[in-house]
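# Coordinates in review
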Amino acid sequence: MQAKPQLHGLPSYKPGKPIEEVKKELGLTKVVKLASNENPYGASPLAAKVISEMASQTAIYPDGYAAVIREKVATKIGVDQNQLIFGNGSDEVIQFLCRAFLSPETNTVTADPTFSQYKLNATIEGAEVREVPSVDGVHDLDAMLEAIDENTRIVWVCNPNNPSGTYINQEAFSSFLERVPSHVLVVSDEAYYEYVTASDYPKTLPLLKKYENLMVLRTFSKAYGLAALRIGYGVANPGLISLLDPVRPPFNNTTFAHVAAVASLEDDEFISSCVEKNTASLKQFEQFCQTYQLKFYPSQTNFILIDFNRSGDEVFDYLLKKGFIVRSGEALGFPTCVRITVGTDEENNELFAVLEEMLASKAVKQ
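Just so you know, these numbers come straight off a predicted model, no measurement behind them. (Residues numbered from 1 in each chain as written. Predicted model: local features only at pLDDT ≥ 70, side-chain atom pairs only at ≥ 80, totals over all residues. Heavy atoms only, no water.)

### Things to note about the nonpolar core
In this structure, Ile69, Val73, Leu84, Phe176, Phe220 and Val235 are the most contacted members of the largest nonpolar core, which totals 53 residues. Residue contributions to this core peak at 5 residues, all from helix 9 (residues 255-265). When neighbours within four sequence positions are excluded, Phe176 is seen to be in contact with Leu141, Met144, Leu145, Val155, Val157 and Val186. (Core = buried A, V, L, I, M, F, W, Y, C linked by side-chain atoms within 4.5 Å. Buried < 20%, exposed > 50% of the residue type's maximum accessible area, 1.4 Å probe, protein only. Helix = DSSP H or I, 4+ residues; strand = E, 2+ residues; numbered from the N terminus. Contact = heavy atoms within 4.5 Å.)

### Things to note about the packing of aromatic side chains
By the definition in use, this model includes 13 aromatic pairs. Ring centres 6.4 Å apart and planes at 40 degrees place the aromatic pair Tyr167 and Tyr201 in the tilted group. Taken together, the residues span a long stretch of sequence, with Tyr167 in the loop between strand 5 (152-158) and helix 7 (170-179) and Tyr201 in the loop between strand 6 (185-189) and strand 7 (214-219) at a distance of 34 residues. Its relative accessible area of 6% is what places Tyr201 among the buried residues. Taking the centre distance of 6.0 Å and the plane angle of 50 degrees together, the rings of Phe220 and Tyr233 count as tilted. With a gap of 13 residues between them, Phe220 in the loop between strand 7 and strand 8 (232-235) and Tyr233 in strand 8 connect regions that are remote in the sequence. Like Phe220, the residue Tyr233 is buried in the burial classification. Connected via pairs of aromatic rings, a cluster forms that spans Phe86, Phe220, Tyr224 and Tyr233. Between the NZ or CZ atom of Arg218 and the centre of the ring of Tyr193, over which it lies, the distance is 3.6 Å. Over the ring of Tyr41 we find Lys277, and its NZ or CZ is 4.5 Å from the ring centre. (Phe/Tyr/Trp six-rings, centres within 6.5 Å; stacked < 30°, edge-to-face > 60°. Lys NZ or Arg CZ within 6 Å of the ring centre and 35° of its normal.)

### Quick look at the sheet that holds strand 3 (residues 107-112)
Whether parallel or antiparallel, the strands of a sheet pair through hydrogen bonds between backbone atoms. In space, the 7 strands of this open sheet follow the order 2-8-7-6-5-3-4, with mixed pairing throughout. Here the strands that pair on one side only, and so sit at the sheet edges, are strand 2 (84-87) and strand 4 (128-133). Averaged over all adjacent pairs, the angle separating strand axes in this sheet is 20 degrees, with direction ignored. (Pairing = 2+ DSSP bridges. Axes fitted to C-alpha atoms, helices over the stretch in contact; angles between N-to-C directions.)

### A few points about the pattern of salt bridges
For the coordinates displayed, the defined rule picks out 16 salt bridges. Residues Lys30 and Glu350 are paired through a salt bridge, measuring 3.0 Å at the closest nitrogen-oxygen approach. On the criterion of sequence distance, the pair formed by Lys30 in the loop between helix 1 (19-26) and strand 1 (32-33) and Glu350 in helix 12 (residues 345-361) is long-range, its members being 320 residues apart. For Lys30, a relative accessible area of 44% translates into the label partly exposed. (Salt bridge = Lys/Arg side-chain N within 4 Å of Asp/Glu carboxyl O.)

### Quick word on a negative patch on the surface
On the surface, a cluster of negative charge is made up of Asp313, Glu314, Asp317 and Glu330. Mapped onto the fold, Glu330 is located in the loop between strand 12 (327-328) and strand 13 (337-341). Residue classification places Glu330 among the partly exposed positions, given a relative accessible area of 37%. (Patch = residues over 30% accessible without salt bridge, like charges linked within 9 Å, V, L, I, M, F, W, Y side chains within 5 Å. Areas by Shrake-Rupley, 256 points an atom, 1.4 Å probe, with all protein chains shown as cover. Lys, Arg positive; Asp, Glu negative; His and termini not counted. Charge placed at Lys NZ, Arg CZ, Asp CG, Glu CD.)

This is how it looks when you write it as structure tokens:
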């Protein structure tokens, strides 16, 4: 059997370790997962209620057009319904885009480091991936612009960026869009949009009226706490959406995802509370880093990337043995860093105590 040659040796996505696996492996009774940027406060109670109400509907296929959630999202963010496409998480929309626009004759431009799924899906389609080094965790938009040529089809802008948490402001993004050739699709991946507090963060949705080569990605997996249900969406001009829709598998979202997302959009108070707590906790992480003179990347997300000036894998292993699952920067392009999801106050304080012990004992070699 012969697969595409580019699949040989291609690494698969490696998520953070499951809690039960870590407990069993290390003999721990309590494990805190701070690795996958999930909402530590869960989802709106309204989501669980409607899922329970739909439990008897498992034999019926979901609505392939996603009519109810489509109408709800369109109203919520102020776009037309035909400007939306829904995916099994925004990851699947990334897959749609790569399948629709990329081929061995084309190339795509990304920052480096950034979200791994851009490169993975582009590579599967046989496209050339042009990775442009970021500057202190921030996309170098000028250099990315220089990497574009007549064969470029997609430029990915992860904003805020994963794994650094940094962001591109309105002025920089608008200037970039103005200079990108019209044949190149600019994808603004805004998975952490709800957590952003910066006043100069780009207002991208109004830009869709001016730029037909812009798509905005958002998800219910982060602030809305629906990661287990896998639902995200893309927003673009209707012509682009109509090109992508044939790529989308039928019934690619579950009924549970649809109804939970609709209910979650009705609970603004829950989201506001989560964002408020997250912002306060991020400040505590920053204060911790300043106290111990640790470099960190200013974050507009629900995670923080901290440079411990030592192997990220060693810090990861130390914390794992203490019952904390984080993400080593070794696999994220920041080898001396660790990416930590912001948890609850209790989880954060317990983590700070363990980190203090580690730094004081020098248990991890510098």
